[in-house]
Amino acid sequence: MKRHLIIIVIAVAIATTMASTLLAYRNARRAADDFLKADALGIASSLDTTLSRYGTGENIFRGIIQSQRWEGIAFLALYAADGTVLMHSNPNLVGRKATLGTPMAALTSESPLFQYRTIGTGEAVFIMDAPIHAAGAAAVLRVALHTYPSLRIVREARFQLISVAAVDTALVCVTVFFLIASRRQQALQKKLIEKEKLSLLGEMSAVLAHEIRNPLGSIKGFGQYLKERAAASGHAADFAEPLDVIVKESGRLEQLTEDLLAYTRGEQLAIESFRINDLVAEVLSTLQTPASVTIETDLCCDIQLHTDRTKLRQVLTNLLQNGLDAIEGSGRVAILTAGAGGRVVITVRDTGSGIDVKTREEIFRPFFTTRAKGTGLGLAIVDRYVTALGGTITVESEPGKGSSFGVSIPLQAPEQT
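Residues numbered from 1 in each chain as written. Predicted model: local features only at pLDDT ≥ 70, side-chain atom pairs only at ≥ 80, totals over all residues. Heavy atoms only, no water.

Caption draft 1: Structural context of the overall build of the protein chain. Looking only at helices and strands, the protein chain has 8 helices and 12 strands in total. Taken over the C-alpha trace, the protein chain has a radius of gyration of 45 Å; the compact-globule value for 417 residues is 22 Å, which it surpasses by more than 25%. When its C-alpha atoms are laid out on the principal axes, the protein chain stretches across 145 × 45 × 45 Å. Classification of the 417 residues of the protein chain by burial places 35% in the buried group. Pairs at least 24 apart in sequence give 66% of the contacts found in the protein chain among residues at least 6 apart. Split by element, the accessible area of the protein chain, about 24600 Å² in all, is 56% carbon and sulfur. Where the 43 positive side-chain charges of the protein chain centre and where its 42 negative ones centre are 7 Å apart. (Helix = DSSP H or I, 4+ residues; strand = E, 2+ residues; numbered from the N terminus. Rg over C-alpha atoms; globule rule 2.2 N^0.38 Å. Buried < 20%, exposed > 50% of the residue type's maximum accessible area, 1.4 Å probe, protein only. Contact = heavy atoms within 4.5 Å. Areas by Shrake-Rupley, 256 points an atom, 1.4 Å probe, with all protein chains shown as cover. Lys, Arg positive; Asp, Glu negative; His and termini not counted. Charge placed at Lys NZ, Arg CZ, Asp CG, Glu CD.)

As structure tokens, then:
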């Protein structure tokens, strides 16, 4: 909530400052236009009176420019109805036709026309064309003003707009950086809390596993003993089923304790040299594969590894068993090996039910399982051991299309610290 409130406050502040600055810039543009229009209208009114009094016999425009009677005038011109220059502040242009735009449109207009133009010197000027009567005939008076004095305020407003935009952009960048840093910190804090919980859970699980292991072995042993005694005394039919349940469920609890101990064991590696193909063959020989499931292999050249054989064996066993458990009815499980850049890549694929996106995010979490029977530690052990071996694991899966687990580990185990 605090983070969202900060974002809202910053967004409102940015929107407000940008809106007010943009409004000030537009007002500055409008004020500059109004100033130029008023100045041009004032000059035109005065010239209209002068021309009505003295006519067009003398070129008074040149004298006005030279005397600087009005500041900011770029040039003055008077055009006849056919576009001929009757008077001009530049005497060389008198008698020529209009070349800068067409001032004749003002003859049919009831009010002066305004526009911005670029003259031959490359300067932008503000032009007003006003219809007047000179020497008893319709004419157009053109007043061209320099824009730089009046547009100074526009330039200042533009500079302010650019400055505010730069500050707001920087503020947005800082806000984005803050959000990213905040989310990373939150994620890191969450991971630390989860790691601490798992550490405590691991310690507790290790203690419970050790404490349960011995009495559990006794229960299983006595169950098997009683089953043999019942068979020897001829009462097997009376006690076979409950004794089978005792032995079977004791075996399940025994497997749970083994998984707990495997997960909570330290990450110290017992390094030895071996060939990957030998390890794969060993793992496949111990699997109990249903008759309806086919196991396929595609092994590359026999790669020599120098790492923890026991941990890698557990990784392969869990992945293959997970693939077998995912198949309902008939199907295939394939194991592939390949060498790449000082690493071995082991891929286990199955044609099982597949995993949806939400479940894929949870499968490596301890005690998470989607099956009615299972400890939820198989893939958690895989993830823990692969990390200890300096490797990575990837998952590709779609519901109804099976799953593919890829394990990449270095040929040489990482150094122990």
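Caption draft 2: Molecular detail of helix α8 (residues 378-388). Residues of α8 that are buried include every one of Leu379, Ala380, Ile381, Val382, Tyr385, Val386 and Ala388, and no others. Downstream of α8 by a residue or two, Gly390 has a phi angle that is positive, lying close to 80 degrees.

Caption draft 3: Spatial organisation of the pattern of salt bridges. In total, this model carries 8 salt bridges according to the counting rule given. In this structure, Glu282 and Arg309 form a salt bridge, with 2.4 Å as the shortest nitrogen-oxygen distance. Of the two residues, Glu282 sits in helix α5 (residues 276-286) while Arg309 sits in helix α6 (residues 309-326), which places them 27 residues apart along the sequence. Linked by salt bridges that have partners in common, Glu282, Arg309 and Arg313 make up one network. (Salt bridge = Lys/Arg side-chain N within 4 Å of Asp/Glu carboxyl O.)

Caption draft 4: Representation of the sheet that holds strand β10 (residues 343-350) in the model. Spatially, the 5 strands line up as an open sheet ordered β7-β9-β10-β12-β11, and their pairing is mixed. Lying at the two open borders of the sheet, with one neighbouring strand each, are β7 (293-298) and β11 (392-397). Pairwise comparison of adjacent strand axes, ignoring direction, gives a mean angle of 15 degrees for this sheet. Of the pairings in the sheet, the one linking β11 to strand β12 (residues 403-410) comprises 6 bridges and is antiparallel in character. Bridge pairing in β12 links Ile393 to Val407. (Pairing = 2+ DSSP bridges. Axes fitted to C-alpha atoms, helices over the stretch in contact; angles between N-to-C directions.)

Caption draft 5: Seen up close, the packing of α5 against α6. It is the contact of α5 with α6, at a shortest axis distance of 10 Å, that shows an interaxial angle of 50 degrees. Comparing their axes, α6 and α5 come out oblique. The interaxial crossing formed by α5 with α6 has right-handed handedness. Here α5 contributes Ile276, Asp278, Leu279, Val280, Glu282, Val283, Leu284 and Thr286 to the contact with α6, which in turn contributes Arg309, Leu312, Arg313, Leu316, Thr317 and Leu320. Residue composition of the contact of α5 with α6, by class: 8 nonpolar, 2 polar and 4 charged. (Parallel < 35°, antiparallel > 145°, perpendicular 65-115°, else oblique. Left-handed = near helix turned anticlockwise from the far one by under 90°. Nonpolar A, V, L, I, M, F, W, Y, C, P; charged D, E, K, R; others polar.)

Caption draft 6: Spotlight on a nonpolar patch on the surface. Taken together, the side chains of Val172, Val176 and Ile180 present a nonpolar region at the surface, about 220 Å² in accessible area. Its place among the elements puts Val176 in helix α3 (residues 152-233). (Patch = residues over 30% accessible without salt bridge, like charges linked within 9 Å, V, L, I, M, F, W, Y side chains within 5 Å.)

Caption draft 7: Up close: the packing of aromatic side chains. Taken as a whole and assessed by the stated rule, the structure comprises 2 aromatic pairs. With a centroid separation of 5.8 Å and 20 degrees between ring planes, the pair formed by Phe114 and Phe126 is classed as stacked. Note that Phe114 is positioned in strand β3 (residues 113-118) and Phe126 in strand β4 (residues 124-134), a separation of 12 residues in sequence. Look at Phe126 and you get buried, because its relative accessible area is 2%. Arranged with centres 5.2 Å apart and planes meeting at 65 degrees, the rings of Tyr116 and Phe126 form a pair that is edge-to-face. Here the residue Tyr116 occupies a position in strand β3, and Phe126 occupies one in strand β4, the gap between them amounting to 10 residues. Taken together through their ring pairs, the aromatic side chains of Phe114, Tyr116 and Phe126 make up a single cluster. When the ring centre of Phe114 is taken as reference, the NZ or CZ atom of Lys37 above it lies at 5.3 Å. (Phe/Tyr/Trp six-rings, centres within 6.5 Å; stacked < 30°, edge-to-face > 60°. Lys NZ or Arg CZ within 6 Å of the ring centre and 35° of its normal.)

Caption draft 8: Looking closely at the sheet that holds strand β2 (residues 85-88). Read across the open sheet, the 5 strands follow the order β2-β1-β5-β4-β3; overall the sheet is antiparallel. Two strands bound the open sheet, and with one partner strand each, they are β2 and β3. Across the sheet, the mean angle from the axis of one strand to that of its neighbour is 25 degrees, orientation sign disregarded. In terms of strand pairing, β4 meets strand β5 (residues 137-146) through 10 bridges, oriented antiparallel. The residue of β5 that forms the bridge with Ile127 is Ala144. Seen against the sheet, helix α2 (residues 60-67) touches β1 (73-80), β2 and β5 and runs at an angle of roughly 175 degrees to β1.

Caption draft 9: Structural detail: a positive patch on the surface. A cluster of basic residues, Arg29, Arg152, Arg155 and Arg158, forms a positive patch on the protein surface. Ranked by the residues each element gives to the positive patch, the list is headed by α3, at 3 residues. Here Arg152 shows up in helix α3. You can call Arg152 partly exposed: its relative accessible area is 45%.

Caption draft 10: Spotlight on the environment of Gly352. Within the fold, Gly352 resides in the loop between β10 and α7 (357-360). Between the C-alpha atoms of Gly352 and Asp325, which are 27 residues apart in sequence, the distance is 8.2 Å.

Caption draft 11: Focus on the side chain of Thr21. Relative to the assigned elements, Thr21 resides in helix α1 (residues 2-54). Its relative accessible area of 7% is what places Thr21 among the buried residues.

Caption draft 12: Spotlight on the packing of α6 against α8. Close contact between α6 and α8 brings their axes to 9 Å; oriented N to C, the two are set at 145 degrees. Considering how the two elements wind past one another, α6 and α8 form a crossing that is left-handed. Between α6 and α8, the residues in contact are Lys311, Gln314, Val315, Asn318, Leu319 and Asn322 and Gly378, Leu379, Ile381, Val382, Tyr385 and Val386, respectively. Classifying every residue of the contact of α6 with α8 by side-chain character gives 7 nonpolar, 4 polar and 1 charged.

Note that all results are geometric; they support no functional claim without further evidence.
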